[in-house]
Amino acid sequence: MELKWLLYATLLALGSLAVQAHDMDGDNDADDVVDIEDDLDDGIEEVEESKPETSTPPPTPKVTYRPPVPTGEVYFVESFDKGTLDGWILSRAKKDDTDDEIAKYDGKWEVQDMKDTKLPGDKGLVLVTRAKHHAISSKLSKPFVFDTKPLIIQYEVNFQNGIECGGAYVKLLSKTPELNLDQFHDKTPYTIMFGPDKCGEDYKLHFIFRHKNPKTGKYEEKHAKRPDADLKTYFTDKKTHLYTLVLNPDNSFEILVDQTVVNSGNLLNDMSPPVNPPREIEDPNDQKPEDWDERPKIPDPDAVKPDDWDEDAPAKIADENAVKPEGWLDDEPEYVADPDAEKPEDWDEDMDGEWEAPQIANPKCETAPGCGTWQRPMIDNPNYKGKWKPPMIDNVNYQGIWKPRKIPNPDFFEDLEPFKMTPFSAVGLELWSMTSDIFFDNFIICTERAVADDWASDGWGLKKAADGAAEPGVVGQMMAAAEERPWLWVVYILTVALPVFLVVLFCCSGKKQPNAAEYKKTDAPQPDVMDEEKEEEKDKGDKEEEEEEANDEKLG
């Protein structure tokens, strides 16, 4: 804030300099203005007659909202523009192993307009409450089966109040006979979990799928590698962001935010833990032999300590060349009892012991080089060698670091088509959040990229266009940026104020030449006329001198 006021003060000072420079030039021009005033009157009247009417600035472009309509086959779409939760089921489940007070999924969901919306009528699903468990789900129009077509899931999220700790991810609930959306909870089987999640300063964008082990039938979560992109802005800027997951039959995947790829990879190579276990593992029963030598270097057994090696020599010795400084007070202690200290009135010698004044630095030592017994300073001992150790040499018996032998992995399997996951038949949000008013909108699940892009253009694209139309101009954006990053005020001063100052300095500080109006007013000769007159006078003087010289010659 102080930098902002410094910028204002600098600009004001530069403005004052410009005004003063202009005023100085204005003094020379005052007579000109008076003299040419009559000549300008007629011109001003003509300009006023032809002056067009003042035009008002164009109004801010308005973006009208229309509910998006899918342009192809979809498995699920939801824009919430009906204003109701029709088709959605609120969970009535309780979490296991949790206190009854917080075990219920009693967090509230509502369909609302977004705060500070620029698109009236564009509604979305809002997680209303904080510090509660929330769960809501809806069935697909038909189950999604992983075969030869891609899977695309896309939806919008706006952290209207920022986010302290919580998630905004979706779960694609596996198609099972036991699936009951009324009892949807954290342990309900899902096929894919996708979306943003944050706690503390850990910003995540999950892509997790549950892979079925073909040998044991058990499921294991596989997590995509973390994106290299910085995700913080998506959680803090309070703007609507579009999250897209594209999963292809060739096992490749892409994760996009606002239609820009932030992560990509392959289900076989870029998941943790890997989909397929290693072919070989270390033998758990193998043991290192007792005589296995892992030492690459050993002390030289033939080395002998030199006769002159003194292990008892100290590392430091007194400096024999040191001399006690003059004025050293040997008989004065460094600290003395405080003469101004007084025993407290409530001091009880029976309980507290004999009272002694606190110690203070001896004032006599302040002007002396030192007090007390003088001792020679210590210096490094040039003869110090320390404890002798034999030098290290290569170990001829070195066998390397021991590792257990490899054996075939009894749990090995190879699944080359992890894309063919468990079919899913519902989409759900099962969340805990310490921040309220998380806004969700425009869910779509389909197989064609063009359909998802069209849906995004008609939904998220309209929001983006409306926000862009309502954004402040360049100056407003610069001021807003400087509020968040105060150091930008210094940049503004250097890039704006300094050039202005230089322009004022070079353009307004020069001496102005008189113009034609001044000569017209005073009838004084103009510069070119004055030069001609001077030349004529010079020529006349030269002729007179020649005539005088000629007369003198005749007389002589």
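Residues numbered from 1 in each chain as written. Predicted model: local features only at pLDDT ≥ 70, side-chain atom pairs only at ≥ 80, totals over all residues. Heavy atoms only, no water.

Asker: What's the story with the overall build of the protein chain in this structure? I'm lost.
Answerer: Helices and strands together make up the secondary structure of the protein chain, namely 10 helices and 25 strands. Here the protein chain holds 556 residues, and the buried ones make up 33% of them. Intrachain contacts of the protein chain at a sequence separation of at least 6 include 76% that bridge at least 24 residues. Put simply, the protein chain shows about 36,100 Å² of open surface, and 51% of that area lies on carbon and sulfur atoms. (Helix = DSSP H or I, 4+ residues; strand = E, 2+ residues; numbered from the N terminus. Buried < 20%, exposed > 50% of the residue type's maximum accessible area, 1.4 Å probe, protein only. Contact = heavy atoms within 4.5 Å. Areas by Shrake-Rupley, 256 points an atom, 1.4 Å probe, with all protein chains shown as cover.)

Asker: Where do I start with the pattern of salt bridges in this structure?
Answerer: Pairs can form between side chains of opposite charge whenever their charged atoms are close. Following the criterion strictly, the structure yields 27 salt bridges and no others. Its salt-bridge partner being K297, residue D394 comes within 2.5 Å of it at the nearest N-O pair. Residue D394 is located in strand β22 (residues 392-394), and its partner K297 is located in strand β17 (residues 297-299); the two are separated by 97 residues in the primary sequence. In this structure, E417 engages K420 in a salt bridge whose closest nitrogen and oxygen atoms are separated by 3.6 Å. One salt-bridge network, held together by shared partners, links D122, E156, D441 and K463. (Salt bridge = Lys/Arg side-chain N within 4 Å of Asp/Glu carboxyl O.)

Asker: Can you walk me through the nonpolar core in this structure?
Answerer: Taken as a class, soluble globular proteins show a tendency for nonpolar side chains to be buried jointly. Ranked by internal contacts, the top residues of the largest apolar core, which has 63 residues, are I192, F207, L247, F440 and I445. Here F207 is in contact with I192, M193, K222, H223, A224, L245, L247, F253, I255, L267 and M271, once residues within four sequence places are set aside. Grouped together as the second largest cluster of nonpolar side chains are 9 residues, V74, I152, V246 and I444 included. (Core = buried A, V, L, I, M, F, W, Y, C linked by side-chain atoms within 4.5 Å.)

Asker: Looking at this model, I keep getting lost on the state of the cysteines. Mind explaining?
Answerer: Each disulfide is one covalent bond, formed between the sulfur atoms of two cysteines. By the definition in use, this model includes 2 disulfides. Here C165 is linked by a disulfide to C199, with a sulfur-sulfur distance of 2.0 Å. Between C165 and C199 the disulfide shows an S-S torsion of about -95°. By sign, it is left-handed. Remark: C199 occurs in strand β9 (residues 190-199) and C165 occurs in strand β7 (residues 165-167); sequence separation between them is 34 residues. Across the disulfide from C365 sits C371; the S-S distance is 1.8 Å. Between C365 and C371, the S-S dihedral sits near -125°, and the bridge is therefore left-handed. On the accessibility criterion, C365 (16% relative accessible area) is buried. Each bonded cysteine in the protein chain gets a number by its place in the sequence, and the pairs come out as 1-2, 3-4. (Disulfide = S-S within 2.5 Å.)

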